[in-house]
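Fold and geometry: a report
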Amino acid sequence: MTFRSILFPNTGDCIPNEGLSAPDFFFDLNLDQIIDAITAGKTEYDLKSFFYMPLQDAEAITWRHEIMQDLDATPLLDNIKAFAQRMRAMREHLAQSGKMSCKLQKERWFLDAADIYCDVVTRLAHDLSVAEPRSRGLLAFRKYVTLYAGSDSFTSLFQRTKKLIADLSAIHYTVLMNGLRVEVRHYGGEPDYASEVTATFEIFRQGAAKEYSFNFIDSPQMNSVEERIVALVALLHPDIFSALEQYCAENKDFQDRTIVTFDREIQFYVAYLEHTARVRNAGLKFCYPRVIRASKEVRSVQGFDLALANNLIAEGGNVVCNDFHLKDGERIIVVSGPNQGGKTTFARTFGQLHYLASLGCPVPGTHAQLFLFDRLFTHFEKEENLKDLRGKLQDDLVRIHQILERATPNSIIVMNEVFMSTTLRDAVALSRKIADKIMALDLLCVWVTFIDELASLNEKTVSMVSTVVPENPALRTFKIVRRPADGLAYAMCIAEKHRLTYSMIKERIGS
Amino acid sequence: MKARLLYQDQDMDLKSPLPWNAEALVKDLELDTLFHAMARSDDFVREVTRRVVLSGAENDVETIRYRRGVLRDCLNHPGVVRDLYAVAAEAAEHEKKIFFGNTLMRYPDWVLRRSIDLSEMFLVTIKKLRKIVELHADKFSSEGWTAFFATLQEELTDEYLVRAHDHVKQLKFRSGMLLGAGLGKGNMGTRYALHIPPRTSRGKWEWLKSFVPEWLKRLLPQRPPVLGFSLHPRDESGARALRELENRGIAGVANTLAQSTDNIRGFFDKLRSELAFYVGCVNLHEQLSRKGEPICLPLPVAVDKRRLSFRGLYDVCLALSVDRRVVGNTANADEQNVVIVTGANQGGKSTFLRSVGLAQLMMQCGMFVAAESFRSSVYGGIFTHFKREEDAAMKSGKLDEEIGRMSAIVDHLTSNSMVLFNEPFASTNEREGSEIARQILLSLSDLGVKVICVTHLYELARGLHERNTGNVLFLRADRHADGTRTFRIVEGEPLETSFGEDLYESIFGAGSDQCATTDPVVHASAPKAVTLQRGGD
């Protein structure tokens, strides 16, 4: 029986260490928001580190796709959710057991935890055998679970647990309280008195009666009298309670490591699918991308910014999807056009799609072919750093320099509005130099800029512009389309934004 | 055990919504005068009669006959009815004497103690109730009463009362409390059930055991082991814990007994409500018979016949507010769907219309009727469309307001309804008003709705009269030749004048004191002379 991980096909791959932190570009691409939303409510699994580890191997990505598709297409997802919920309940019972001071209580909580565990394993083995997964990962795990559930150690644990639970549930005793005297004995078949009272007064019934609800101190801890009573009940049933004691001593580590690891790791898939299900319910599509390193011809149809979509759906807003594609020698998408038109969102979408694909996840859109990058870099405008004595322009240049130093031909760069803090002339000159370096490295790049000239440098650049409604340039469509940059709409929109169009000025002056 | 004096097979629901037009009925038929007379000064009786009368249109013929029987017994034995009502009212007061507030009601021991006290009080009241039943049951003959008394005698036997009493005593746990339980989460006691503690029989045969050899003892059935402990008298937290446990043990029975007392209280509440209606009838009956006004038990018939005929019908509210006898009217509209009332101003048309509405409502709720005889169908809805004062809120013009009200009535109308119109659409000119009214009346008539309409719209009345195929009955307010009113409504075709000049004279000219003083019968319309003048001409 060897099975190690549902996330990493090669057992040689390292299991992530817990201290892993988010990559630099997470904030710029709003991936931090996406991962926060995905992992919300699942902190106990510490899933984030899994999302910080892009895969470098197309085969590993396919392996995850298979598992994701299995879960997506079969009742398995619900089965796994139920499994996770019971495992959680089991852990809660164990925690409760740890908190108890009374031995009889401690032991019972422990027994109940083990009972849940037995059910959970049996159920999982059954569910997996019925569901017919196709993925290599789940097939291997199914094999493991089937063997484990049939093993001697597990079946013996199962039988002892059930026997003890049944014995304990069958105990029926009575407590006689008279003044300060309390007596405990076996139940002797005394009839239920409350029902006699009910029957007597039944003749007055006038329809449904109001239920009286009472306040009880609902502590899981027994009070002193209850403790003494249960101790006496244990004396009435010495065999059962000594069996319980022995059971607890012998089964301290009843949980199987592989099952526990699976419970955590499978949540990577569950969390992602749960999150995307919410987005899909709003009518948006996801697809399993083709992820390749052999070609830089990337393409996406109807992609969108997952972070923005999540926020918009919550507010009931409309999500605009965009396409992109690069063919032959095209490498750089230069995005220009009116402000507030969705340019930055487009750039983020490009980055998000590639990153999510590298995790082995389905990505926003109806169709996608994406590049398997080795490193992803972003350069977004930053707040001026006062501690740093460098000026903003200098800062820009330093950061770009660092990126280009580390980038390989297999890297991706997303740049958003650089060189804003200098004259247009300088900005154009500097941008050209940077563009030359990027092209020299043959990097894939999205570059949001107000400098039209960049859009038509050579055959490696592709121009895309944010668009407006033709009749009303103040209305954005948030569509980014492949089109030569003309710079005109942009100027008009700026003018509008500052209320400086012909009619607006007349209006303002007139009033 | 149910009172069932209002319905054969159904409880009275004091919380069900009143018909949507309840307010209009009260206003148009001046029902407050009726309720006041029925209640005397008992607000509870007022509330109940108001509800029963206003929801009268919901009853079927069977229910009305059932109540009529109960009512007949009540009118014959008013003293017994009032005694029973007093007992029921007393029961309703018990709870007020022991109220702990909601905080304590969260603890089973408090709830149980309160329920025990209440049960004991209720048992006393129940004995009083039974006493009355024993003394008077044989004098009542109606289905409702005999069934009620029979149930009481069957259910509340001596044996039963002793048993109930024993339970109440047992629940004081004088000889300790025995709880059954199992082990639940974390081995805590759960599923607590209450049992009766065994009588202590320990030791009876114990001495015999000393003669039995040890080896044999092991084979004999063993006395079940008893394990126990005693709390130290100063162990306060132990005592609290014990009380907590006791509370868990009695929670079920506290709930049960509290529900039982709620039920007993509910029984008395219902009895009180149902009796309140009949007490109201008895009160009204006494006032009318003191004046010598006739009453009758009406004859309800199924709605498919659309019957309406009466003799000596008078406005009960008017009779209650004046000292002298009032005029009664006689008519037969069994064959006509529409009754048009025209004639002299101040001639008693509105009073007549009200008397029909009142009698119809009273019959449908099972009361007697202010008439020598009254026979009518049981209508599924009784609606009034009376001329109103100016719209207080000034939201809409007068015609708008009228048409709006009419439209609301049509929203709720079925063909099994009765609609009473008092001078509809007089707020526009005669031609328009007539045409609107004509279309409404004809459509209602064709639907089979029973319509009684007082109108000054001569064009309307004349038009209906000319084309009458026998489906319209024309009544007219009578008038002596000298202009004085008889306040009688008689059959007669519409006239072009409403004799408004008579009224003018009565106010401005010499005829006025003649009108008020020479007539032997007082009429409620007289004080309204000024308001009528506006609408009349």
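Computed from a predicted model, the values in this text were never measured in an experiment.

Quick look at the overall build of chain A
Scanning chain A for helices and strands turns up 17 helices and 14 strands. Looking at chain A residue by residue over its 511 residues, the buried ones come to 50%. When contacts within chain A are restricted to residue pairs at least 6 apart in sequence, long-range pairs at least 24 apart make up 75% of them. Entry remark: accessible area of chain A is about 24,000 Å², with carbon and sulfur atoms responsible for 53%.

Some details on the interface of chain A and chain B
How big an interface is tends to be stated in terms of accessible area lost as the parts join. Taken together, the contact pairs 67 residues of chain A with 72 residues of chain B. A combined buried area of about 6,500 Å² lies between chain A and chain B, and 59% of that area is made up of carbon and sulfur atoms. Scanning the region where chain A abuts chain B turns up 0 salt bridges. Counting every contact that joins chain A to chain B gives 24 residue pairs in polar contact (both at pLDDT 80 or more).

Focus on the sheet that holds strand β1 (residues 172-178) of chain A
Spatially, the 5 strands line up as an open sheet ordered β2(B)-β1(B)-β1(A)-β2(A)-β3(B), and their pairing is antiparallel. In this open sheet, the two strands that pair with only one neighbour each are β2 (189-195) and β3 (227-230) of chain B. Within this sheet the neighbouring strands show an average axis-to-axis angle of 25 degrees, counted without direction. Note that strand β2 (residues 181-186) of chain A and β3 of chain B share 4 bridges and pair antiparallel. The residue of β3 of chain B that forms the bridge with E183 of chain A is G228 of chain B. Packed onto the sheet, helix α9 (residues 224-236) of chain A meets β1 and β2 of chain A together with β1 (177-183), β2 and β3 of chain B and runs at close to 155 degrees relative to β3 of chain B.

Remarks on the nonpolar core
Core analysis: the largest hydrophobic core is formed by 268 residues, its most contacted members being W145 and F268 of chain B. It is helix α10 (residues 236-291) of chain B that contributes the most residues to this core, 22 residues altogether. One finds I438, L443, I451 and A455 of chain A within the second-largest nonpolar core, a separate group that totals 24 residues.

About the thresholds
- Residues numbered from 1 in each chain as written.
- Chains lettered and ligands numbered in written order.
- Predicted model: local features only at pLDDT ≥ 70, side-chain atom pairs only at ≥ 80, totals over all residues.
- Heavy atoms only, no water.
- Helix = DSSP H or I, 4+ residues; strand = E, 2+ residues; numbered from the N terminus.
- Buried < 20%, exposed > 50% of the residue type's maximum accessible area, 1.4 Å probe, protein only.
- Contact = heavy atoms within 4.5 Å.
- Areas by Shrake-Rupley, 256 points an atom, 1.4 Å probe, with all protein chains shown as cover.
- Buried area = accessible area lost by both parts, 1.4 Å probe.
- Salt bridge = Lys/Arg side-chain N within 4 Å of Asp/Glu carboxyl O.
- Polar contact = N/O pair within 3.5 Å; in protein donor to acceptor, adjacent residues only side chain to side chain.
- Pairing = 2+ DSSP bridges.
- Axes fitted to C-alpha atoms, helices over the stretch in contact; angles between N-to-C directions.
- Core = buried A, V, L, I, M, F, W, Y, C linked by side-chain atoms within 4.5 Å.

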